[in-house]
Amino acid sequence: ALAAAAAIKDNALEQQTNQLIELRKQLSASQEVEITGNMGRPVYCRGSFQDGNFIDPPGGGVSWEVKLMSDDDFEDGIPLRNLWSDMEVRLGGVVFATTSAVVGTKCRVRGAASSNSRDDDVLCPMHSGDGYGTRYNRIAWMAINFLQLPEGPWKHLQSCATFNSQVANDAERDDIFHKMSHPTQFPRRMPNQRADVTSIRFHGASVLKLIRTVRRDAEFERKKEEKLAEIEALIADFAEQR
């Protein structure tokens, strides 16, 4: 009888352990950030939302930056032509945005290609929706780092960004994302050129609930409460303006 009771206890403990492992897997999957091709394949790079950090986005506000690492098959980078073909940003396996939502006239060119630093990139805004705090709203910035891009094309992107900063009418600005990824542009002139997506910056209002789930030390928790208050104030201001 004692052996039978022990066996039942062991079996219950094993079931509880397996359930805990499965719950942890589900939690990890819900926080995974992936850059993929259309319909989720292939996976170009990935990171964890839990490993992200607060950062000040272009134009003010609060954003959450997740650093990404290339998958083994893309350690040498992503062909430029693949950037144009509806690349997807997935959060927890669900499509958050695609490159069709990139606002190419508002891309920011940072650094100098000759240094080949991971900080020298094009920051591409992705925006779908009508404002902060709505269930349909998704705002993010994708950081695209070119690998050994020749100086001429890089200077061309920089000159486009400078021109855009001086033009008030968005319709008259250069579409930087189109220039660097459309099949008739850089991919045709440089068919072997590759790039990495090094990070994704999610606008805080777009991932407010998920940020709440991040738990760290006391200093981070204090900072998190401050940033959450800023995000909620932005959402409230937007609601009043509408």
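See the structure above.
Summary of the structure given here. (Residues numbered from 1 in each chain as written. Predicted model: local features only at pLDDT ≥ 70, side-chain atom pairs only at ≥ 80, totals over all residues. Heavy atoms only, no water.)

Structural notes on the overall build of the protein
And step 1. When you go through the protein residue by residue, the secondary structure sums to seven helices and twelve strands.
And step 2. For the protein, the accessible surface area stands at approximately 13400 Å², while carbon and sulfur atoms represent 49% of it. (Helix = DSSP H or I, 4+ residues; strand = E, 2+ residues; numbered from the N terminus. Areas by Shrake-Rupley, 256 points an atom, 1.4 Å probe, with all protein chains shown as cover.)

Considering the side chain of Thr98
And step 1. With respect to the helices, strands and loops of the structure, Thr98 is situated in strand E8 (residues 94-98).
And step 2. Reaching out from Thr98, the side chain makes a polar contact with the side chain of Ser100 at a distance of 2.5 Å.
And step 3. Discounting residues that sit within four places of it in the chain, Thr98 has contacts with Asp86, Met87, Glu88 and Met126. (Polar contact = N/O pair within 3.5 Å; in protein donor to acceptor, adjacent residues only side chain to side chain. Contact = heavy atoms within 4.5 Å.)

A few points about the side chain of Thr99
And step 1. Counting through the fold element by element, Thr99 comes out in the loop between E8 and strand E9 (108-110).
And step 2. Contacts of Thr99, omitting those with residues within four sequence positions, involve Leu83, Trp84, Asp86, Met87, Met126, Met142 and Phe177.

Some words on unusual backbone geometry
And step 1. Along the chain, Arg41 connects to Pro42 via a cis peptide bond; the corresponding omega equals -5°.
And step 2. If you trace the backbone, Pro42 turns up in the loop between strand E1 (32-36) and strand E2 (43-48).
And step 3. One non-glycine residue, Met39, adopts positive backbone phi at about 65°.
And step 4. Even without glycine at this site, Gln148 takes up a positive phi of about 55°.
And step 5. Note that Gln148 resides in the loop between strand E11 (138-146) and helix H3 (151-165).

So, the pattern of salt bridges
And step 1. With the rule as written, the count across this model stands at twelve salt bridges.
And step 2. Across the salt bridge formed by Arg46 and Glu34, the nearest N and O atoms sit 3.2 Å from each other. One end of the pair, Arg46, is in strand E2; the other, Glu34, is in strand E1, and twelve residues separate them in sequence.
And step 3. Look at Arg46 and you get partly exposed, because its relative accessible area is 29%.
And step 4. Taking the relative accessible area as the measure of exposure, Glu34 reaches 12% and is therefore buried.
And step 5. Measuring nitrogen to oxygen at the nearest pair gives 2.7 Å for the salt bridge that ties Asp121 to Arg110. Placement of Asp121 in strand E10 (residues 121-128) and of Arg110 in strand E9 is noted, with a sequence separation of eleven residues between them.
And step 6. Here the salt bridges do not stand alone but share partners, grouping Glu32, Glu34, Arg46 and Asp71 into one network. (Salt bridge = Lys/Arg side-chain N within 4 Å of Asp/Glu carboxyl O. Buried < 20%, exposed > 50% of the residue type's maximum accessible area, 1.4 Å probe, protein only.)

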